[in-house]
Amino acid sequence: RTIRTYSVDFLTEPLAMLLCTCVGLCGVCWKRDNRMRRWLWLLSLAVAALILTRSMMIFWLPGLAILVAISSDLARLRWTLLFVTGVFACLAPWWIRICIILERLMTLGGQGAASLCGGYSDEAFANRGNWDGRVE
């Protein structure tokens, strides 16, 4: 499978690729621009949208926070906290809604556990990553 064929097979991959590009663009603009706070908020918003699109992107957050800290010239902790706070502020309403609907603490939703067996199975590995959600 190629990236080109994913756009007709799945719903979130093209949007996730666009948001990854936006994250990179906001990060570069944040580093270059004098109005740093605006770009940092846009970076936070793009990262939050990326996490909402593909929940596994939550694992990017520590690495991105480290990159923000490394890229900051002064007040590293302040810029990093501003970034992480912005991401969580954007994610919090959705996470609260999900927890209320599911009636338990599952901020990333409930689909991951249901499809974990199909996605990480010998059949999916043998078929080069292509799988269906039916567990057999």
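Check the entry above for the structure.
Presented here is a report on the structure given in the accompanying data block. These numbers come from a predicted model, not from an experiment.

Reading the values: rules and limits
Residues numbered from 1 in each chain as written. Predicted model: local features only at pLDDT ≥ 70, side-chain atom pairs only at ≥ 80, totals over all residues. Heavy atoms only, no water. Helix = DSSP H or I, 4+ residues; strand = E, 2+ residues; numbered from the N terminus. Expected span 1.5 Å × (residues − 1). Bend = angle between axes of the 7 residues up to and from the residue. Buried < 20%, exposed > 50% of the residue type's maximum accessible area, 1.4 Å probe, protein only. Contact = heavy atoms within 4.5 Å. Phe/Tyr/Trp six-rings, centres within 6.5 Å; stacked < 30°, edge-to-face > 60°. Lys NZ or Arg CZ within 6 Å of the ring centre and 35° of its normal.

### Observations regarding helix α5 (residues 76-102)
When the terminal C-alpha atoms of α5 are compared, their 37 Å separation across 27 residues agrees well with the 39 Å that a helix rising 1.5 Å per residue should span. Approximately 40° is the largest bend angle found in α5, and it occurs at Ala 92, with the proline Pro 93 only one to four residues beyond. Residues of α5 that are buried: Trp 79, Thr 80, Phe 83, Gly 86, Val 87, Leu 91, Trp 95, Ile 98 and Cys 99. As for α5, its buried residues are in contact with α2 (13-32), α3 (36-53) and α4 (61-71).

### Remarks on the packing of aromatic side chains
Counted under the stated rule, the structure contains two aromatic pairs. With a centroid separation of 6.5 Å and 70° between ring planes, the pair formed by Trp 30 and Trp 79 is classed as edge-to-face. Within this pair, whereas Trp 30 is found in helix α2, its partner Trp 79 is found in helix α5, the two being separated by 49 residues in sequence. For Trp 30, a relative accessible area of 2% gives the class buried. Cation over ring: Arg 78 sits above Trp 79, and NZ or CZ is 4.9 Å from the ring centre.

### Let's talk about the environment of Ala 69
Looking at the secondary structure, you find Ala 69 in helix α4. Through-space distance from the C-alpha of Ala 69 to that of Trp 79 is 6.9 Å; in sequence the pair is ten residues apart. Excluding residues within four positions of it along the chain, Ala 69 makes contact with Arg 76 and Thr 80.

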